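# Structure assessment
Read off the chains here:
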Amino acid sequence: AVVKSGVSNYSFPDDFIFGVGTSAFQTEGGWNEGGKGESMWDTFLHEHPTFTVDHSNGDVAADSYHHYMEDIELIKKLGVQSYRMSISWPRILPNGTDNNINQEGVKYYRRILEELVKANITPVVTLFHWDMPTPFMNLGGWTNAKVIDYFEDYARVAFNLYGDLVKMWLTLNEPHESCLSGYGNTGLVPALNSHGLGIYLCIHNSLLAHARVYRMYEKEFKPDQKGKVSIVLESVWTEPKDPNKQEDVEAAENYLQMHLGIFAHPIFSEEGNYPRVVREKVNNMSRLQGYSRSRLPYFTDEEVTALRGSADFYALNHYTSVSVSPSAMEFYWKVPSYYHDTGVRMEGDPFWARPGAIWQFLYPPGFRKLLNWLQNNYKILKEIAIIVAENGFIDFGGIEDYDRVDFYNDYLYQLLLAIHEDGCNVKGYFAWSLMDDIEWRDGYTHKFGLYSVDFNSPNRTRTPKLSSYNYANIVRTRRIDFDYIKRPEDLNTT
Ligand code: GBH
């Protein structure tokens, strides 16, 4: 039952961590300042200025490169215990390689991390939130297995530099999204458009890069630094279009395996490796298409072992649900494609609201179902907790963001139910995002922030939205007050 008024009967446990997140490319700007090298997003958007829908780029973004102290004040105002941020690889290593460490970049993150720790805010740091150094894009990005070595070198530099302050590390952000849209099609940089082929090389190498860094930390740093390492895996919830149709139920389950299981199974399952259904689907389709080898590469036994158990917690991003049914074999099925491999049709449910972008459908119970699915599929989650690393709401701007307030109330209530009624082991939640940012291909047209940013002002003025007060109230009271939005005067209290 969804409570729509009053204060939630359940509360967030004392050890539950609330946080808020950003990523370097999306907020920092300062693209060529302080000795920073170029990331593939800098280079690509300069060379293809119409790639983003508003023809914008990340040169200045929210200018956090200059406004980070102000940002830390915003974080403090929310009262959260933790802040998730990412390091720009080329800000630390301008060429991507460890032969040249940029001291100004090193100091920039050191200052931020010290300020956070001083304010009792635990930093959670992502090493790779999509801004790969340009030289590696030119070498094929994640389709080139050699990049794994250089990612390991970068990670080692970061652990050496910041491991005294950072005790929670995330290797890669959402490889599903960066591989599908960056390598399988043209939604993200490097827009490789390698349907059904590059996407799997990217997935495979992303997994290996994660395992490499996890094992390196475990061996070289964990004994002293005692931190935790994981990978951020995003997932939709897949709802069978007709729950009474067996084929829809199967399609929904299979698609979840193709989307989430392909990453989670190698790391969190007992047996390891890709899920059987994923292996079968890609192998069968590859054979049908005349390939003599599967488009999905194989792990060696050593790699399976290195991946299995390579996470100290489960970091989940969740934004939307999809309604799933089997797809008819398409006329152009000979074209290798992740979508043909999955063999499902995905759409929104007409009963789910879609307030912002085309892709976000609101179905709060899907969040609870996804948490339960994880808990039921991966036994290890009884021991290592789930942390929600991103969950957030898109709109087109405005500081009286009542719909975002409802979003957080409704989704966080489902999280309470998952904890208290289902026994899911969820120990943290990071709202996405601290502030409006560059939303990759959507440029500045889509807003996710708890704080708005005026991208037309030279100061990039930050203004709290109503949702920031509501979130602060949840963090402080550890309960959801469904009536809190009825106090617009909160907009004037700082
Ligand atoms: C997250 O990805 C990212 O980690 C984060 O950086 C980003 O700011 C946040 O999302 C909000 O977008 O239908 O072709 O338009 C979330 C994953 C992003 C996956 C949007 C689906 C839609 C592609 N989702 N994407 S499209």
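Preceding block: the structure.
Below or above, wherever it landed, is the structure these notes cover. For clarity, every value in this text was computed on a predicted model and none was experimentally measured. (Residues numbered from 1 in each chain as written. Predicted model: local features only at pLDDT ≥ 70, side-chain atom pairs only at ≥ 80, totals over all residues. Heavy atoms only, no water.)

## Describing the overall build of the protein
Secondary structure summary: the protein contains 17 helices and 13 strands in total. For 494 residues, the compact-globule estimate of 2.2 N^0.38 gives 23 Å, and the protein sits close to it at 22 Å. Dimensions along the principal axes, computed over C-alpha positions, put the protein at roughly 65 × 60 × 50 Å. Counting every position in the protein, which comprises 494 residues, the buried fraction comes to 62%. When the accessible surface of the protein is split by element, carbon and sulfur atoms take 51% of a total near 18,800 Å². Of the side-chain charges in the protein, 47 are positive and 64 negative, and the distance between the mean point of each set is 3 Å. (Helix = DSSP H or I, 4+ residues; strand = E, 2+ residues; numbered from the N terminus. Rg over C-alpha atoms; globule rule 2.2 N^0.38 Å. Buried < 20%, exposed > 50% of the residue type's maximum accessible area, 1.4 Å probe, protein only. Areas by Shrake-Rupley, 256 points an atom, 1.4 Å probe, with all protein chains shown as cover. Lys, Arg positive; Asp, Glu negative; His and termini not counted. Charge placed at Lys NZ, Arg CZ, Asp CG, Glu CD.)

## A short note on the packing of aromatic side chains
Aromatic ring pairs: the centre-centre distance and the angle between the two ring planes describe each pair. All chains considered together, the criterion is met by 44 aromatic pairs. Where Phe159 meets Tyr217, the ring centres are 4.8 Å apart and the plane angle is 70°; that geometry is what we call edge-to-face. Here Phe159 is found in helix H7 (residues 147-162), whereas its partner Tyr217 is found in helix H9 (residues 198-220), with 58 residues between them in sequence. Judged by its relative accessible area of 0%, Phe159 falls in the buried class. The rings of Phe12, Phe16, Phe18, Phe367, Phe393, Phe407, Tyr408, Tyr411, Tyr429 and Tyr471 are connected pair by pair, giving a single aromatic cluster. A cation over a ring is seen here: Arg279 above Tyr298, with NZ or CZ 3.6 Å from the ring centre. (Phe/Tyr/Trp six-rings, centres within 6.5 Å; stacked < 30°, edge-to-face > 60°. Lys NZ or Arg CZ within 6 Å of the ring centre and 35° of its normal.)

## Considerations on the layout of surface pockets
A probe matching the size of a water molecule, rolled over the atoms, marks out where space remains unfilled. The calculated volume of the largest pocket comes to roughly 1,100 Å³. Along its surface, the largest pocket is lined by 40 residues, and Glu177, Ser181, Glu234, Thr320 and Trp359 are the ones closest to its centre. Of all the secondary structure elements, the ones that give two or more residues to the lining of the largest pocket are helix H8 (175-184), helix H11 (246-268), helix H14 (338-342) and strand E9 (344-347). A breakdown of the residues in the lining of the largest pocket according to their chemical character gives 19 nonpolar, 12 polar and nine charged. (1 Å grid on protein atoms, 1.4 Å probe; cavity = no way out; pocket = protein on both sides within 12 Å on 5 of 7 lines; lining within 4 Å. Points joined across faces, edges and corners; volume = space filled by probe spheres on them. Nonpolar A, V, L, I, M, F, W, Y, C, P; charged D, E, K, R; others polar.)

## What about helix H12 (residues 276-288)?
In this model, H12 (13 residues) spans 18 Å end to end at C-alpha, consistent with the 18 Å of a helix rising 1.5 Å per residue. All of the buried residues in H12 are Val278, Arg279, Val282, Asn283, Met285 and Ser286. In this structure, the buried residues of H12 make contact with H9, H11 and H14. Residue Gly290 follows H12 closely and has a positive phi angle near 90°. (Expected span 1.5 Å × (residues − 1). Contact = heavy atoms within 4.5 Å.)

## Overview of the nonpolar core
Of all hydrophobic cores here, the largest spans 146 residues; its most connected members are Trp142, Trp169 and Tyr429. Looking at this core, the element that brings in the most residues is H9, giving 12 residues. Beyond its immediate chain neighbours, meaning those up to four positions away, Trp142 contacts Phe128, Met132, Val147, Ile148, Phe151, Leu172, Tyr183, Leu201, Cys202, Asn205, Ser206 and Ala209. (Core = buried A, V, L, I, M, F, W, Y, C linked by side-chain atoms within 4.5 Å.)

## Focus on the sheet that holds E9
Taken in spatial order, the three strands line up as E6-E8-E9 in an open sheet, and their pairing is mixed. Looking at the sheet topology across the chains shown, the edges are occupied by strand E6 (237-240) and E9. Going across the sheet, the axis of each strand differs from the next one's by a mean of 40°, ignoring polarity. Looking at chain direction, strand E8 (residues 321-326) and E9 are connected through four bridges and run antiparallel. Paired with Ser325 across the strands is Arg345, a residue of E9. Taken strand by strand, helix H15 (residues 364-377) contacts E6 and E8, and its axis lies near 105° from that of E6. (Pairing = 2+ DSSP bridges. Axes fitted to C-alpha atoms, helices over the stretch in contact; angles between N-to-C directions.)

## Section: the site of the ligand
Lining the immediate environment of the ligand, one finds 13 residues, of which Gln26, His129, Asn173, Glu174 and Glu439 sit closest. A distance of 2.9 Å is found between an oxygen atom of the ligand and a side-chain nitrogen or oxygen belonging to His129. Side-chain polar atom of Glu439 to an oxygen atom of the ligand: 2.7 Å apart, as the coordinates give it. Against a free-state accessible area of 570 Å², the protein chains account for coverage of 76% of the ligand. (Near = heavy atom within 4 Å. Polar contact = N/O pair within 3.5 Å; in protein donor to acceptor, adjacent residues only side chain to side chain.)

## Details of the sheet that holds strand E7 (residues 314-317)
Around the barrel, which closes on itself, the eight strands sit in the order E1-E2-E3-E4-E5-E7-E10-E11 with parallel pairing between neighbours. Across the sheet, the axes of successive neighbouring strands diverge by a mean angle of 25°, strand direction being ignored. Here four bridges tie strand E4 (residues 168-173) to strand E5 (residues 228-234), and the two strands are oriented parallel to one another. The partner of Asn173 across the bridge, within E5, is Val232. Packed onto the sheet, H9 meets strand E3 (122-128), E4 and E5 and runs at close to 160° relative to E4.

## Considering the state of the cysteines
Counted under the stated rule, the structure contains one disulfide. The partner cysteine of Cys179 in its disulfide is Cys202, sulfur to sulfur 2.1 Å. The disulfide joining Cys179 to Cys202 has a torsion of about -70° about its S-S bond and is therefore left-handed. Within this pair, whereas Cys179 is found in helix H8, its partner Cys202 is found in helix H9, the two being separated by 23 residues in sequence. Take Cys179: its relative accessible area is 0%, and that puts it in the buried class. (Disulfide = S-S within 2.5 Å.)

## Focus on the pairing of E6
Both faces of E6 are covered, namely the face carrying Trp237 and Glu239 and the face carrying Thr238 and Pro240. By the bridge criterion, four bridges tie E6 to E8 in an arrangement that is parallel. Bridge pairing in E8 places Glu239 opposite Ser323.

## Here's the deal with the environment of Met435
Positionally, Met435 belongs in the loop between strand E11 (426-432) and strand E12 (451-453). The buried category is assigned to Met435, whose relative accessible area is 0%. Separated by 172 residues in sequence, Met435 and Phe263 have C-alpha atoms that sit 29 Å apart. Setting aside its immediate chain neighbours within four residues, Met435 contacts Thr22, Thr27, Ala62, Ser64, Asp71, Gly449, Leu450, Tyr451, Val453 and Arg462.

## Quick look at unusual backbone geometry
Note that the residue after Val189, namely Pro190, is joined by a cis bond; omega there is 10°. Residue Ser433 is reached from Trp432 by a cis peptide bond, and omega for that bond is 20°. In this fold, Ser433 is placed in the loop between E11 and E12. Backbone geometry places Ala61, a non-glycine residue, at a positive phi of 50°. Within the element layout of this structure, Ala61 appears in the loop between helix H2 (40-47) and helix H3 (64-78). Its relative accessible area of 1% is what places Ala61 among the buried residues. Unusually for a residue other than glycine, Asp63 sits at a positive phi of about 55°.

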